[in-house]
Amino acid sequence: MAGNPTTYRVERLAAEAGVGVDTVRYYQGMGLLPPTDREGRAVVYGGAHLTRLRTIRALADDGFTLAQIKRLLDESGHPLLESLAGATVGLERAELAERSGLPPHLVDIAVSAGLIQPLGDGHEERFAPDVAPMLAAGMSLLEAGFPLDALAALAARHATSVESVVDGAIDLFNDHVRDSRPDRPVELAEMFRTLVIHITRLVAQHFHHTVITRVKERLDDSEDAALVKALEDIEERQLVIHTEWR
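Computed from a prediction, not measured in an experiment: that's the story for all the values here. (Residues numbered from 1 in each chain as written. Predicted model: local features only at pLDDT ≥ 70, side-chain atom pairs only at ≥ 80, totals over all residues. Heavy atoms only, no water.)

1. As for the overall build of the protein
Stage number 1. Scanning the protein from terminus to terminus reveals eleven helices and two strands.
Stage number 2. Helices and strands appear in the protein in the N-to-C order α-α-β-β-α-α-α-α-α-α-α-α-α.
Stage number 3. Taken across its 246 residues, the protein has 24% of its residues classed as buried.
Stage number 4. Put simply, 55% of the contacts in the protein that link residues at least 6 apart link residues at least 24 apart.
Stage number 5. Surface summary for the protein: the accessible area is close to 16700 Å², and the carbon and sulfur share equals 56%. (Helix = DSSP H or I, 4+ residues; strand = E, 2+ residues; numbered from the N terminus. Buried < 20%, exposed > 50% of the residue type's maximum accessible area, 1.4 Å probe, protein only. Contact = heavy atoms within 4.5 Å. Areas by Shrake-Rupley, 256 points an atom, 1.4 Å probe, with all protein chains shown as cover.)

Right, here's the structure in full:
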């Protein structure tokens, strides 16, 4: 049994599923996972446990509570679970190019520059579906006349700065939130999901405000009346940033 590639100890199962060991055990206690086997004195898990954990994650990402997920899992043959089981996670590069309208060689450049990152699960290179609209937005900048090399360099600078800020935010979360709840993994996970939405909205609003402020400063002496009027119109309108889990 030890040589069976679908057999996992809890640490490896958790790593493959992208969750914590405490989360696996919590799900077991709730009856969300199938019964386990034993290899000597050790508890072992199989491919069914990994599939179940990934299903739970997919449902949680879509906004289902653990109680709702348990009811779905108890209903064998539920169409939502069947669709999840048959779904391929992520997009290949060709699919990404098709959806975004960006030529394949520009997608390759974006990947090579680290502007978009493949998903961490599995051995095949795939990308989250929400990367496509981001690339489409980049394509609109190119169509507006931004030179590719200068735009790519600016995007790389932005990516580096964002990574540094995010690392600092993660350190704050670990030091002041995560460490205070070592025995409440599910509560911590729910709080993390909520914080991601709030932080995303906060950063987007701040970036928008900074763009308007900086442009206004540089247009103070501008004789381009149309551009000044466009800025005034933007200032009079309220930007609504909608963030949610789907």
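Structure shown, so let's carry the discussion forward.
2. Topic: helix α4 (residues 66–74)
Stage number 1. Among the residues of α4, those classed as buried are Leu-66, Ile-69, Leu-72 and Leu-73. Buried residues of α4, seen end-on, are gathered within an arc of 115° and therefore sit on one face of the element. (Arc of directions from axis to C-beta.)

3. Observations concerning a negative patch on the surface
Stage number 1. On the surface, a cluster of negative charge is made up of Glu-163, Asp-167, Asp-171, Asp-175 and Asp-179.
Stage number 2. Looking at the element boundaries, Glu-163 is found in helix α9 (residues 148–176).
Stage number 3. On the accessibility criterion, Glu-163 (45% relative accessible area) is partly exposed. (Patch = residues over 30% accessible without salt bridge, like charges linked within 9 Å, V, L, I, M, F, W, Y side chains within 5 Å. Salt bridge = Lys/Arg side-chain N within 4 Å of Asp/Glu carboxyl O. Lys, Arg positive; Asp, Glu negative; His and termini not counted. Charge placed at Lys NZ, Arg CZ, Asp CG, Glu CD.)

4. Digging into the packing of aromatic side chains
Stage number 1. For the coordinates displayed, the defined rule picks out one aromatic pair.
Stage number 2. Measuring from ring centre to ring centre gives 5.4 Å for Phe-173 and Phe-192, while their planes differ by 65°; the resulting arrangement is edge-to-face. Here Phe-173, found in helix α9, pairs with Phe-192, found in helix α10 (residues 185–218); they are 19 residues apart in sequence, far enough to count as distant.
Stage number 3. Residue Phe-173 is classed as buried on the basis of its relative accessible area, which comes to 15%. (Phe/Tyr/Trp six-rings, centres within 6.5 Å; stacked < 30°, edge-to-face > 60°.)

5. So, the packing of helix α6 (residues 93–100) against helix α8 (residues 131–144)
Stage number 1. Two elements in contact, α6 and α8, have axes whose closest approach is 8 Å; the angle formed by their N-to-C orientations is 55°. Relative to α8, the element α6 lies oblique. The chirality of how α6 crosses α8 is right-handed. Between α6 and α8, the contacting residues are Leu-96, Arg-99 and Ser-100 on the first element and Val-131, Ala-132, Leu-135 and Ala-136 on the second.
Stage number 2. Grouping the constituent residues of the contact of α6 with α8 by class yields five nonpolar, one polar and one charged. (Axes fitted to C-alpha atoms, helices over the stretch in contact; angles between N-to-C directions. Parallel < 35°, antiparallel > 145°, perpendicular 65-115°, else oblique. Left-handed = near helix turned anticlockwise from the far one by under 90°. Nonpolar A, V, L, I, M, F, W, Y, C, P; charged D, E, K, R; others polar.)

6. Considerations on the environment of Leu-66
Stage number 1. Mapped onto the fold, Leu-66 is located in helix α4.
Stage number 2. Along the backbone, Leu-66 and Val-186 are 120 residues apart, and their C-alpha atoms lie at a distance of 9.4 Å.
Stage number 3. Contacts of Leu-66, omitting those with residues within four sequence positions, involve Tyr-26, Tyr-27, Met-30, Leu-32, Ile-56 and Val-186.

7. A few points about the nonpolar core
Stage number 1. One finds Val-24, Ile-56 and Ile-69 to be the most contacted residues of the largest nonpolar core, which totals 21 residues.
Stage number 2. For this core, the secondary structure elements donating two or more residues are α1 (10–17), α2 (21–30), α3 (47–61) and α4.
Stage number 3. When residues in this core are grouped by element, the largest group, five residues, is from α3.
Stage number 4. With sequence-adjacent residues up to four places away left out, Ile-69 is seen in contact with Leu-32, Ile-56, Leu-59, Ala-60 and Phe-64.
Stage number 5. Ranked by size, the runner-up nonpolar core spans 14 residues in total, among them Val-111, Ala-132, Leu-135 and Met-139. (Core = buried A, V, L, I, M, F, W, Y, C linked by side-chain atoms within 4.5 Å.)

8. Thoughts on helix α7 (residues 104–112)
Three or four residues apart is the spacing at which side chains of an α-helix point the same way, because the helix has 3.6 residues per turn.
Stage number 1. Among the residues making up α7, those that are buried are Leu-106, Val-107, Ala-110 and Val-111. Mapping the buried residues of α7 onto a view down its axis gives an arc of 145°, with all of them on the same face.
Stage number 2. Next to the buried residues of α7 lie α6, α8 and α9.
Stage number 3. With its phi angle positive at about 80°, Gly-114 sits one or two positions after the end of α7.

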